[in-house]
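Listed below, chain by chain, are the residues.
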Amino acid sequence: MNALRIQGLVFSLSALLLAFAATAIGPLDSRIELLVVAVLILVLGVPHGALDTIFAHQLYGIRTLRDWLRFGLIYLLPAALVVGLWQWQPTLFLLGFLVISAAHFSGDPTSGTSWPARVLYGGAMIVIPAALYSVEISRLFSLLAGDDAAALVMPGLRLLSWPWLTGLMLAAAHRARTDWLTALEMGSVGLLAVLAPPLLAFVVFFCGMHSTRHIIRTIDYSGRSSPGLFLGAALLPMFGVLVASAVAWHFFESTPPDARIIQFVFVGLAALTVPHMALVERVRFTGWVKGSAGQH
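The rules we used
- Residues numbered from 1 in each chain as written.
- Predicted model: local features only at pLDDT ≥ 70, side-chain atom pairs only at ≥ 80, totals over all residues.
- Heavy atoms only, no water.
- Salt bridge = Lys/Arg side-chain N within 4 Å of Asp/Glu carboxyl O.
- Helix = DSSP H or I, 4+ residues; strand = E, 2+ residues; numbered from the N terminus.
- Buried < 20%, exposed > 50% of the residue type's maximum accessible area, 1.4 Å probe, protein only.
- Axes fitted to C-alpha atoms, helices over the stretch in contact; angles between N-to-C directions.
- Parallel < 35°, antiparallel > 145°, perpendicular 65-115°, else oblique.
- Contact = heavy atoms within 4.5 Å.
- Nonpolar A, V, L, I, M, F, W, Y, C, P; charged D, E, K, R; others polar.
- pLDDT = per-residue confidence, 0-100.
- Phe/Tyr/Trp six-rings, centres within 6.5 Å; stacked < 30°, edge-to-face > 60°.
- Patch = residues over 30% accessible without salt bridge, like charges linked within 9 Å, V, L, I, M, F, W, Y side chains within 5 Å.
- Areas by Shrake-Rupley, 256 points an atom, 1.4 Å probe, with all protein chains shown as cover.
- Expected span 1.5 Å × (residues − 1).
- Bend = angle between axes of the 7 residues up to and from the residue.

Caption draft 1: Structural context of the pattern of salt bridges. This model, assessed by the stated rule, comprises five salt bridges. For aspartate 258, the salt bridge identified is with arginine 139, shortest N-O distance 2.5 Å. On the criterion of sequence distance, the pair formed by aspartate 258 in helix H14 (residues 257-285) and arginine 139 in helix H9 (residues 134-145) is long-range, its members being 119 residues apart. Residue classification places aspartate 258 among the buried residues on the basis of a relative accessible area of 14%. Salt bridges sharing partners connect three or more residues here, namely Arg5, Arg175 and Asp179.

Here it is, written out as structure tokens:
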């Protein structure tokens, strides 16, 4: 069993365990939950985007310091525009963030997965939590983008949530005829999204599935096997993220704590996702041709 399939099995079993445990444990203290989610996303989720330097090197042959500086400026420009959009048009920011997140997550399933199944899978963590946790989701959206944005988005999510879950489970059943593990991944994501508290469900999915799977595929794509090479590739970008995070945290100090954490984490994720997608989606749509990841 290759690395991707082992990762998929471990994630699926962990997600199912959390999904059913969440129904017995009950809600956590919201402040503790927010802090745990923020730390886990920063430590376990963000590093997969720090490997974008590998894609820049492979796709564009960037090697000199001048080229890297130019790449860094180009990379940061759309990130800055996303932050500006959040400041000036928070409702548009929220809608855009949800759409691009769903589109990006749709790349997780292995090759051979149909596009309708990918759409249902990619939107699972966005849409399905509104089935049982609409109050919590509405509060999170209000903290992130304001009450008006939450009021606009939530009715549609509530309306779609149960049909989306049903569609995902049907897609998983159909996929099970040819790939039982991908079907298990899809089903576990659906149950995690509907049963576990939204923030915990998201962090388990983002770190345990999306980020980990991306790192494994990047290893295959690059043809590198040394952990030291990957640590070196990610070190400077992660340092930049930490510095930017410290600066952002300072400027957010007048914001109430809960809103501060939510905005800090998810505005930051949105800002980094846009340039990250600009690099990664090109490789995904060509089947990760440099390595074997697209074959799994």
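From this point, the narrative continues.
Caption draft 2: The packing of helix H1 (residues 3-25) against helix H12 (residues 198-222), seen in detail. Two elements in contact, H1 and H12, have axes separated by 10 Å at closest approach and are oriented at 175°. Looking at the two axes, H1 sits roughly antiparallel to H12. On H12, the residues that touch Ala3, Leu4, Gln7, Gly8, Phe11 and Leu18 of H1 are Leu200, Val204, Phe205, Gly208, Met209, Thr212, Arg213, Ile216 and Arg217. Residue classes in the contact of H1 with H12 are distributed as nine nonpolar, four polar and two charged.

Caption draft 3: Highlighting the confidence of the model for the chain. When pLDDT is averaged along the chain, the result is 84, and 82% of the positions lie at 70 or above. Across the chain, helix H8 (residues 124-127) holds the top mean pLDDT of 98, while helix H13 (residues 227-251) sits lowest at 62. Here residues 289-296 is modelled with pLDDT under 50, and outside its nearest four sequence neighbours on either side it reaches 19 contacts, counting other chains as well.

Caption draft 4: Local environment of the packing of helix H5 (residues 65-88) against helix H6 (residues 90-105). One can describe the packing of H5 onto H6 by two numbers: an axis separation of 5 Å at closest approach and a directional angle of 130°. With respect to each other, H5 and H6 are oriented oblique. On the side of H5, the interface is formed by Val82, Leu85, Trp86, Gln87 and Trp88, while H6 contributes Pro90, Leu92 and Phe93. Classifying every residue of the contact of H5 with H6 gives seven nonpolar, one polar and no charged.

Caption draft 5: Quick look at the packing of aromatic side chains. Tallied over the full model, the rule gives 10 aromatic pairs. Ring centres of tryptophan 68 and phenylalanine 71 lie 5.8 Å apart, and the angle between their planes is 85°; on these two criteria the pair is classed as edge-to-face. Here tryptophan 68 pairs with phenylalanine 71, and both are found in helix H5, just three residues apart, close to one helical turn. Here phenylalanine 71 falls in the buried class, since its relative accessible area comes to 16%. Taken together, the ring pairs in this structure connect Phe93, Phe97, Phe105, Tyr121, Phe202, Phe205, Phe206 and Phe266 into an aromatic cluster.

Caption draft 6: Representation of a nonpolar patch on the surface within the structure. A contiguous nonpolar surface patch, about 230 Å² in accessible area, is contributed by Ile32, Val36 and Leu40. Judged by relative accessible area, isoleucine 32 falls into the exposed class, the value being 52%.

Caption draft 7: Broad picture of H12. In this model, H12 (25 residues) spans 34 Å end to end at C-alpha, consistent with the 36 Å of a helix rising 1.5 Å per residue. Where H12 bends most, the angle comes to about 35°, and this point is phenylalanine 206. Positive phi shows up at glycine 223, right after H12, with a value of about 75°.

Caption draft 8: Highlighting helix H4 (residues 52-60). Within H4 the residues assigned to the buried category are Asp52, Thr53, Ile54, Phe55 and Ala56. Directly beyond the C-terminal end of H4, a positive phi value near 65° is found at glycine 61.

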